[in-house]
Amino acid sequence: MTAITSTTRLRVNPIACKAHGVCIEMLPELIGRDPWGYPVVSEQPVPDRLLALAKRTVEACPTLALLLTDSTAGRR
Amino acid sequence: MTQANSTRWEPQAARQYGAGPGADVNAGQATESDQRLLGGPADLAGHVRWHGPLPDYDAATILDAVERSGLTGRGGAAFPTGRKMRAVADAARARRSARQRGTVLVANGCEGEPASAKDRTLLTRAPHLVLDGITAAARAVGAERVHLCLHENDDATIQAVRRALDERRGARAQTADVEITRVPERYVASEETSLIQLIDGGPALPRFTPPRPFERGVDGRPTLVDNVETLAHTALIARHGPAWFRATGTPNAPGTALVTVTGAVNRPGVYEIALGITGAELLATAGGSRQPIQAVLAGGYFGAWLPEQRFHSARITAPDLLAAGAAMGAGIFVALPGESCALAETARVARYLAEQSAGQCGPCINGLPALAQALEALAARGDRRAPEYIKNLTPYVAGRGACRHPDGATRLIASALSVFAADVRTHLHRGPCTGARRAPILPLPAATVGVYR
């Protein structure tokens, strides 16, 4: 993982995601719920004040499906 | 057919091209100088007489020619081929200096779209052009391994390629070491990351990206995945150069392209056209419309509907069709008769696409059947809730899979609701139209047709 900056965004690996919904509970500011319980993540950069919480949310995902990506690097 | 090298682009009488399943394949009426890919003989000796031998250029020369030609991918994405090749070639150089193994080339000849026959036609009519292109591209990107991916049940194509490879071995023609990879006939199995997983010994299912194949593909190595038609054009660019390639087509969509034209036309089939002709000229190439048509599906099941008048004036290039609200896709065009029910036609395809989901991503697993069901309810009995439901659900499906499968399906459904808005109103107010009972126009693999309800 590259350094977390203001260009850091959340991303879901939709193959790994099994709709446990942990992320939706932990980070409702940036993650909504679709009609089937899967997370809909904001496409905006994660604001600095939420970065620490976003990191904890990523770590809490039971299937490791939630990622923080540095969009400028274009890779995981 | 005997041709001296100097006269290889001379006008030819219209020729019958080998037909793929489900399509009578005819020769185009476009000027014969546009018959670059399909104009020559299928056997090796005739191929070399017609096109001349493949020059023995180094990687840099081939790369430079492809980049300057402006060739874009003919598999559907229309991405600049030279840029993709350059990325893999750069990676190959870096790996050589790090003493790592070479890159990989994957030639995609699977033709997953049910309405397309152009890749099969090319591979049976001009297998040596594809093998020349594979050889040139493999050299350009420093590929050590080459896989030619074909549908596992497409025996005619596999045989044509095997025969061509045997011929080349016998004649000691320069050829990359090609391994034929058999791919299951499932819609998403020929997606580029599916092919990589399959070659690596896994299931033919899309994987999460990034990394993109050009970064990390087969065996973890940078991998160039190109459609077989793209590679055939590369073979000709390597021979004749970028200026020759740009002599037909438009400045931002140069060259020719293979298209499959079906539906209500007099001579359905595969044609090679100069990019930039109008939709009207495309239909004329296929013998003109057999009966009044209301719309054309442009870009296949990843594309969109265009009303007849709009299609007539549209230029047939990827950027022009995108601007018109449709797509070039893999060059698929289906003319819908005026008497057909566009909503019922689209609902059948929506159901097919839902069934073709790889079943890996929640929004695709749940969303595509829900959208198909709503569209079916609208077409079959004028269900009043359907249009609003589809509109509200679409944002939860589009762009939310690991691959582009849900994006294509939602685009097709959305285009049906917008282009056939008057039909939607008629269904809501007067129930289904008589067109819903007519024989289907949009082709689907036989096994799936029975599922329609």
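What you see is a predicted model; the values in this text were computed from it and never measured. (Residues numbered from 1 in each chain as written. Chains lettered and ligands numbered in written order. Predicted model: local features only at pLDDT ≥ 70, side-chain atom pairs only at ≥ 80, totals over all residues.)

## A look at the overall build of chain B
No. 1: Regarding its fold elements, chain B presents 17 helices and 11 strands.
No. 2: Taking 453 residues into account, the globule formula puts the C-alpha radius of gyration at 22 Å, and chain B, at 22 Å, falls close to it.
No. 3: When the backbone C-alpha atoms are referred to their principal axes, chain B occupies close to 70 × 50 × 40 Å.
No. 4: Counting across all 453 residues of chain B, residues that qualify as buried make up 57%. (Helix = DSSP H or I, 4+ residues; strand = E, 2+ residues; numbered from the N terminus. Rg over C-alpha atoms; globule rule 2.2 N^0.38 Å. Buried ≥ 20, exposed ≤ 12 C-beta atoms within 10 Å, placed from the backbone.)

## Concerning the packing of helix 4 (residues 118-125) of chain B against helix 6 (residues 155-171) of chain B
Residue and element names in this part refer to chain B.
No. 1: In the contact formed by helix 4 and helix 6, the axes pass within 8 Å of each other and the chain directions differ by 35°. The two elements helix 4 and helix 6 meet at a crossing, and its hand is left-handed. Note on element contacts: helix 6 touches helix 4 through Ala156, Thr157, Ala160 and Val161, opposite Arg120, Leu123 and Thr124.
No. 2: Split into classes, the residues belonging to the contact of helix 4 with helix 6 amount to 4 nonpolar, 2 polar and 1 charged. (Axes fitted to C-alpha atoms, helices over the stretch in contact; angles between N-to-C directions. Left-handed = near helix turned anticlockwise from the far one by under 90°. Contact = placed C-beta atoms within 7 Å. Nonpolar A, V, L, I, M, F, W, Y, C, P; charged D, E, K, R; others polar.)

## Digging into the pairing of strand 2 (residues 143-151) of chain B
Residue and element names in this part refer to chain B.
No. 1: In terms of burial, strand 2 is a largely internal element, 8 of the 9 residues being buried.
No. 2: Sheet analysis places strand 1 (residues 103-108) next to strand 2, joined by 6 bridges and oriented parallel. Pairing of leucine 105 across the sheet is with valine 146, part of strand 2.
No. 3: As paired elements, strand 2 and strand 3 (residues 178-183) share 6 bridges and run parallel to each other. Note on strand 3: the bridge partner recorded for leucine 150 is arginine 182.
No. 4: Handedness of the crossover joining strand 2 and strand 3 through helix 6: right-handed. (Pairing = 2+ DSSP bridges. Right-handed = clockwise from strand over helix to strand, strands pointing away.)

## With respect to helix 16 (residues 421-430) of chain B
Residue and element names in this part refer to chain B.
No. 1: Residues of helix 16 that are buried include every one of Asp423, Val424 and His427, and no others. Summarising the axial view, the buried residues of helix 16 lie within an arc of 105°, below the 170-degree limit, and thus occupy one face. Facing away from the buried side of helix 16, by more than 90 degrees, are the exposed residues Ala421, Ala422, Arg425, His429 and Arg430.
No. 2: Turning to helix 16, the residues buried within the fold contact helix 12 (342-355), helix 13 (362-381), helix 14 (386-393) and helix 15 (405-419).
No. 3: Directly beyond the C-terminal end of helix 16, a positive phi value near 75° is found at glycine 431. (Arc of directions from axis to C-beta.)

## Brief notes about the nonpolar core
No. 1: The biggest cluster of nonpolar side chains holds 142 residues, and the ones touching the most others in it are Leu105, Ile134, Val141, Val296, Leu343 and Leu375 of chain B.
No. 2: Of the residues forming this core, the biggest block, 9 residues, is contributed by helix 12 of chain B.
No. 3: Among the nonpolar cores identified, the runner-up in size contains 15 residues, and Ile24, Ile31, Val41 and Val46 of chain A belong to it. (Core = buried A, V, L, I, M, F, W, Y, C linked by C-beta atoms within 7 Å.)

## A closer look at the domain arrangement of chain B
Residues and elements named next belong to chain B.
No. 1: We note that the domain assignment places domain 1 (27-247), domain 2 (250-337) and domain 3 (342-445) within chain B.
No. 2: Here the C-alpha centroids of domain 1 and domain 3 sit 34 Å apart.
No. 3: Taken together, the contact between domain 1 and domain 3 spans 11 residues of the former and 10 residues of the latter.
No. 4: Partitioning the side of domain 1 that touches domain 3 into residue classes produces 7 nonpolar, 1 polar and 3 charged. (Domains from an automatic or database assignment.)

## Re the confidence of the model for chain A
No. 1: Taken residue by residue, chain A gives an average pLDDT of 89. The fraction at 70 or more is 84%.
No. 2: The low-confidence segment residues 1-5 of chain A (pLDDT under 50) makes 6 contacts with residues lying over four places distant or belonging to another chain. (pLDDT = per-residue confidence, 0-100.)

## Section: helix 12 of chain B
No. 1: Taking 1.5 Å per residue, 14 residues should reach 20 Å; helix 12 of chain B reaches 20 Å between its end C-alpha atoms and fits that length.
No. 2: Counting buried positions along helix 12 of chain B yields 13 of 14 residues, so the element is predominantly enclosed. (Expected span 1.5 Å × (residues − 1).)

## Some words on the environment of serine 415 of chain B
Residue and element names in this part refer to chain B.
No. 1: Relative to the elements of secondary structure, serine 415 occurs in helix 15.
No. 2: A C-alpha to C-alpha distance of 5.6 Å links serine 415 and alanine 304, two positions 111 residues apart in sequence.
No. 3: For serine 415, the contacting residues outside a window of four places in its chain are Ala304, Trp305 and Gly325.

## Regarding the sheet that holds strand 4 (residues 223-227) of chain B
All names here are of chain B.
No. 1: Strand order across the open sheet formed by 4 strands is 3-2-1-4, with parallel pairing between neighbours. The open sheet has two edge strands, strand 3 and strand 4, and neither has a second partner. For this sheet, the mean inter-axis angle between neighbouring strands, taken without regard to orientation, is 25°.
No. 2: Where helix 6 meets the sheet, it contacts strand 2 and strand 3, and its direction lies at approximately 145° from that of strand 2.
No. 3: The sheet contacts of helix 8 (residues 228-246) involve strand 1 and strand 4, and relative to strand 4 the element is tilted by about 95°.

## Here's the deal with the sheet that holds strand 9 (residues 293-298) of chain B
Backbone-to-backbone hydrogen bonds pair the strands of a sheet. The strands run either parallel or antiparallel.
All names here are of chain B.
No. 1: Taken in spatial order, the 5 strands line up as 8-7-11-9-10 in an open sheet, and their pairing is mixed. If you trace the sheet from one side to the other, it starts and ends with strand 8 (269-274) and strand 10 (304-307), each paired once. Here the strands of the sheet are splayed against their neighbours by 30° on average, with no regard to which way each runs.
No. 2: Strand contacts of helix 4: strand 7 (256-263) and strand 8, with the helix running at about 125° to strand 7, the strand carrying the most contacts.
No. 3: Lying on the sheet, helix 15 is in contact with strand 9 and strand 10; it crosses strand 10 at an angle near 25°.

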